[in-house]
Structure formats: C-alpha cells, structure tokens
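Summary of the model geometry
The chain contents come next:
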Amino acid sequence: MRLSEKTAVITGGTTGIGLATARRFLAEGARVIITGQNQDRLTKARAELGAGENLATVRADIRVIDDLDALAARAAERFGGHLDVLFANAGVAALAAVPEVTPEQFDEQVAVNLRGLFFTVQRLLPLLGSAVTVDGGLADL
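Residues numbered from 1 in each chain as written. Predicted model: local features only at pLDDT ≥ 70, side-chain atom pairs only at ≥ 80, totals over all residues. Heavy atoms only, no water.

1. Quick look at the sheet that holds strand S3 (residues 55-59)
Read across the open sheet, the four strands follow the order S3-S2-S1-S4; overall the sheet is parallel. On the outer flanks of this sheet lie S3 and strand S4 (85-88), each paired with one strand and no other. The average angle at which neighbouring strand axes cross in this sheet is 15°, direction not considered. Bridge count between strand S1 (residues 7-11) and strand S2 (residues 31-36): four bridges; the pairing is parallel. Residue pairing for S2: Ala-8 is matched across the bridge by Val-32. (Pairing = 2+ DSSP bridges. Helix = DSSP H or I, 4+ residues; strand = E, 2+ residues; numbered from the N terminus. Axes fitted to C-alpha atoms, helices over the stretch in contact; angles between N-to-C directions.)

2. Concerning the environment of Arg-59
Looking at where Arg-59 falls in the secondary structure, it is placed in strand S3. When the C-alpha atoms of Arg-59 and Leu-42 are compared, they prove to be 7.3 Å apart, with 17 residues separating the residues in sequence. Every residue in contact with Arg-59, bar those within four places of it in the chain, is listed here: Gly-36, Gln-37, Gln-39, Leu-42 and Asp-67. Reaching out from Arg-59, the side chain makes a polar contact with the side chain of Asp-67 at a distance of 3.0 Å. (Contact = heavy atoms within 4.5 Å. Polar contact = N/O pair within 3.5 Å; in protein donor to acceptor, adjacent residues only side chain to side chain.)

3. Some thoughts on the packing of aromatic side chains
Using the criterion set out here, one finds one aromatic pair in the structure. Judged by centre distance (5.0 Å) and plane angle (90°), the rings of Phe-118 and Phe-119 are edge-to-face. (Phe/Tyr/Trp six-rings, centres within 6.5 Å; stacked < 30°, edge-to-face > 60°.)

4. Let's talk about the layout of surface pockets
In this structure, the largest pocket occupies an estimated 330 Å³ of space. In terms of lining, the largest pocket is formed by 20 residues, of which the most central are Gly-12, Gln-37, Arg-41, Ala-90 and Gly-91. Counting only elements with at least two residues in the lining of the largest pocket, the list comes to helix H1 (16-27), S2 and helix H4 (103-124). By residue number, the principal contributor to the lining of the largest pocket is H1, which donates three residues. Split into classes, the residues belonging to the lining of the largest pocket amount to six nonpolar, ten polar and four charged. (1 Å grid on protein atoms, 1.4 Å probe; cavity = no way out; pocket = protein on both sides within 12 Å on 5 of 7 lines; lining within 4 Å. Points joined across faces, edges and corners; volume = space filled by probe spheres on them. Nonpolar A, V, L, I, M, F, W, Y, C, P; charged D, E, K, R; others polar.)

5. Details of H1
The terminal C-alpha atoms of H1 lie 17 Å apart, and with twelve residues this matches the ideal 16 Å at 1.5 Å per residue to within 8%. For H1, the set of buried residues is Gly-18, Leu-19, Thr-21, Ala-22, Phe-25 and Leu-26. Here the buried residues of H1 occupy an arc of 160° about the axis, which is enough to place them on one side. Turned more than 90 degrees away from the buried face of H1 sit Gly-16, Ile-17 and Ala-27, all of them exposed. (Expected span 1.5 Å × (residues − 1). Buried < 20%, exposed > 50% of the residue type's maximum accessible area, 1.4 Å probe, protein only. Arc of directions from axis to C-beta.)

So this is what it looks like as structure tokens:
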C-alpha cells in the first residue's frame, strides 16, 4: 500500500495506460479521480475498477477550459484541496504519414496534446501545494 493516503488525478483514465495506471494506484491504496470525455467509457471503467469510495470519475474534455475548471473544483472538493499526483495522460494520435496529415488532424493533436496538457496542469497546479513552487517555473518535482 505504497500510495495509501495519496491522491491522484489521471486524465484519459478510461482506457490504455491511464486505466492501467488507475488500477495500479488503487491497488496501492491511492484515492483516484479518472477523467475521460466519453461518459460510457467512464461508466465502464468505473465498473471495471470497482474501487468504491477511493475512485471518482469526472467527464472532462481537456480541450474545454470550463471542463478543466470543473475537474479542479471536483478534485479540490473530493480531496480537501490537495493532490499528490497529476498524471496528465489524455492524448490523441493521428496515425498518418507526414504528407497525409490534414490541417484538421494537426489542429486536433495540438488542441489535445499541447494546449489541453498545458491547461490541465495550469488548472490543477494549485492543488499540488508544496510539491511545486511557481515563480516563473516549476521546481521541487
């Protein structure tokens, strides 16, 4: 139970690496919030993980600032204003050769993998408390 009394948010926690990480964190005793943009996948992941009070799900699209603000509020409410871990895992990949990538595919990847990642960290950073200092950069991670 190495993560007993620890709290974590895992974006993109309904499939793949995010779901596997949530499973491991829960097995190690952590309290976890997983996110995903698809409510059906969130419901399925919750049923699969079956962690009772140690697991919460939040439907959030990391491209949408209001969703990230709602996630931060839910995490603060659920964990008393403190996070130990933010695993900003949500991402997309357009599997195409460079000459075949469309502007829409490129924009979608930047919206999720860069913009979404940045604003996920920005919105949840205050919950990480003393684990980080913010003075023009991050330190002590």
